[in-house]
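Structural description and commentary
Now for the letters of each chain:
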Amino acid sequence: MKQAMIDFLMANGNPSIQLRVRKEILKNCTEQVEKSLQEQILKEKIIQLIEQKQLANGWIGHGFHGSSKNAGQYDNQEVGTKYMGEKGLKGTELLNRAMNAYAAAHWTDFCRETKGCVLNEFEIPAFGPNLIRCACIARAHYDDVIDILPQINLSLEAFKRVTEVDSIFDVSRPTKKYRLFNKNERWPCRYNLEILAFTADTWRNEANVHMLAEAFKKLMRTDRKEIINTPVACWVGNHAVGPAWLINEGYSISGDGLNFHGGDGIRRTNLEKVEWLVRCGLYDHLTELQEEVDFILQNINEDGVCSCDFYEKEFRGWSPYFGAQLETDWRAKVRRQCDITFRALLIIHYAGLDALHSVC
């Protein structure tokens, strides 16, 4: 079945999917083939837009954390670099220049959106522009070029803290409007998980994986309604951050970013969440994760095509909080199939399921 998926993608997938299958799954991509496929990817409409919006210093557009009044969906540094990393453009001049801009990182510049105030991720839990920056570096696979080891360790500390306390209430305090994180505390957010998912070769060992598994077992608890999906502000004056950003009690692997399940009775999965967790080595440790992978496997046919139901808005949206579509559009059914099948193949690969049981 895994070979059938690979054959389907190599016959029908766009250049970015073919490149990543060769590099990540087959591990047989030559420099010549990689360069040829990257040249094709660089001609795509969205990549051309990003190139047009890249500033002289390498920064993409006039925004940082997603779209704003000064930046569009892709012509901002965060989404632009994540998208290019997912498209397989590491080593190209376009992405190299954007990463050089991250390395320089003058946080008082207008396009960094900090208004001259740097929020230290080591003092403020689950936030900080530098934490976002490091997640982008990890997602684009440039952590071997730019040092983000302190933020990798910080992310491990954030999840470890979950195992040390009773709940998120123990690392935050009530105010008149909302709860507020205690200064210098630790608690995980989406960016901590993103950093760990894409730097697993750096930190992954038996002890760390066990700790992470214990943290997620605790985060997926649903026995105490008063702590589930508790919004907490990161600093005074910050709005209370909810489950689209924070990872807290009530975490659902199958749910979307807000843990809504559609309300229509359709069994869906969240392909991004499943991929990130299996990248962290958690497949053998979390029953809930195994159930999601089994659901995906049950929806792969004999031709290797995956057709599981998922959250389409999150898959296609491309924002700081979601995005997985690599095909240029889904006007043809086969392109949709390629995107879904590629994510399923990554999940199978990083879960270590090379010899699949038959589910057809």
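Preceding block: the structure.
Calculation rules
Residues numbered from 1 in each chain as written. Predicted model: local features only at pLDDT ≥ 70, side-chain atom pairs only at ≥ 80, totals over all residues. Heavy atoms only, no water. Axes fitted to C-alpha atoms, helices over the stretch in contact; angles between N-to-C directions. Helix = DSSP H or I, 4+ residues; strand = E, 2+ residues; numbered from the N terminus. Parallel < 35°, antiparallel > 145°, perpendicular 65-115°, else oblique. Left-handed = near helix turned anticlockwise from the far one by under 90°. Contact = heavy atoms within 4.5 Å. Nonpolar A, V, L, I, M, F, W, Y, C, P; charged D, E, K, R; others polar. Buried < 20%, exposed > 50% of the residue type's maximum accessible area, 1.4 Å probe, protein only. Phe/Tyr/Trp six-rings, centres within 6.5 Å; stacked < 30°, edge-to-face > 60°. Pairing = 2+ DSSP bridges. Salt bridge = Lys/Arg side-chain N within 4 Å of Asp/Glu carboxyl O. Arc of directions from axis to C-beta.

**What to know about the packing of helix α9 (residues 190-197) against helix α12 (residues 271-279)**
For the pair α9 and α12, interaxial distance at closest approach is 8 Å and the crossing angle is 55 degrees. The orientation of α9 relative to α12 falls into the category oblique. The interaxial crossing formed by α9 with α12 has left-handed handedness. Residues R190, L193, E194 and A197 of α9 lie in contact with α12, whose contacting residues are E272, W276, L277 and R279. Of the residues assigned to the contact of α9 with α12, the class counts are four nonpolar, no polar and four charged.

**Here we look at the side chain of E275**
Relative to the helices and strands, E275 is located in helix α12. Overall, E275 belongs to the buried group, its relative accessible area being 2%. Beyond its immediate sequence surroundings of up to four residues, E275 is in contact with F198, R343, L346 and I347.

**A closer look at the packing of helix α5 (residues 77-86) against helix α6 (residues 93-104)**
The geometry of α5 relative to α6 is characterised by a closest axis approach of 10 Å and an angle of 135 degrees between their N-to-C directions. Classified by the angle their axes make, α5 and α6 are oblique. Seen along the crossing, α5 lies across α6 with a hand that is left-handed. Contacts between α5 and α6 involve Q77, E78, T81, M84 and G85 from the first element and L94, L95, A98, M99, A101 and Y102 from the second. Of the residues assigned to the contact of α5 with α6, the class counts are seven nonpolar, three polar and one charged.

**Looking at the packing of aromatic side chains**
Enumeration according to the criterion identifies 14 aromatic pairs in this entry. The interplanar angle of 85 degrees and the centroid separation of 5.9 Å between the aromatic rings of F198 and W276 together place this pair among those described as edge-to-face. Of this pair, F198 sits in the loop between α9 and α10 (200-203) while W276 sits in helix α12; the two residues are 78 residues apart in sequence, bridging distant segments of the chain. When sorted by exposure, F198 lands in the same class as W276, which is buried. Residues F310 and W330 carry aromatic rings whose centres are separated by 6.2 Å and whose planes lie at 80 degrees to one another, so their mutual orientation is edge-to-face. Pair noted here: F310 is in the loop between α13 (287-297) and α14 (312-316) and W330 is in the loop between α14 and α15 (333-350), with a separation of 20 residues, a long-range link. For the residue pair F310 and W330, the accessibility class agrees, reading buried in each case. A connected cluster of aromatic rings, assembled from ring pairs, spans F127, Y191, W235, W245 and Y321.

**Here's the deal with the sheet that holds strand β3 (residues 232-233)**
Taken in spatial order, the three strands line up as β1-β2-β3 in an open sheet, and their pairing is mixed. Two strands in the sheet have a free side with no partner beyond their single neighbour: β1 (172-174) and β3. Where strand β2 (residues 179-181) lies against β3, two bridges are found, and the strand directions are parallel. Paired with R179 across the bridge in β3 is V232.

**Observations concerning the pattern of salt bridges**
Taken as a whole and assessed by the stated rule, the structure comprises 27 salt bridges. Between E24 and R279 there is a salt bridge whose closest N-O contact spans 3.3 Å. Within this pair, whereas E24 is found in helix α2 (residues 15-26), its partner R279 is found in helix α12, the two being separated by 255 residues in sequence. Accessibility classification places E24 together with R279 in one group, the buried group. Of the charged contacts, one joins D329 and R331 as a salt bridge, the two residues approaching to 3.2 Å between their closest N and O atoms.

**Focus on helix α1 (residues 2-12)**
Of all the residues in α1, the buried ones are K2, M5, I6, F8 and L9. Projection of α1 onto a plane perpendicular to its axis shows the buried side chains occupying an angular sector of 160 degrees, all on one side. On the buried face of α1, the contacting elements are α2 and α15.

**Quick word on unusual backbone geometry**
Even without a glycine there, the phi angle at H141 is positive, about 65 degrees. Looking at the secondary structure, you find H141 in the loop between α7 (129-139) and α8 (149-164). Take H141: its relative accessible area is 26%, and that puts it in the partly exposed class. Of note, the phi angle at N229 is positive, near 55 degrees, even though the residue is not glycine. Within the secondary structure layout, N229 lies in the loop between α11 (206-219) and β3. Overall, the relative accessible area of 22% leaves N229 in the partly exposed class.

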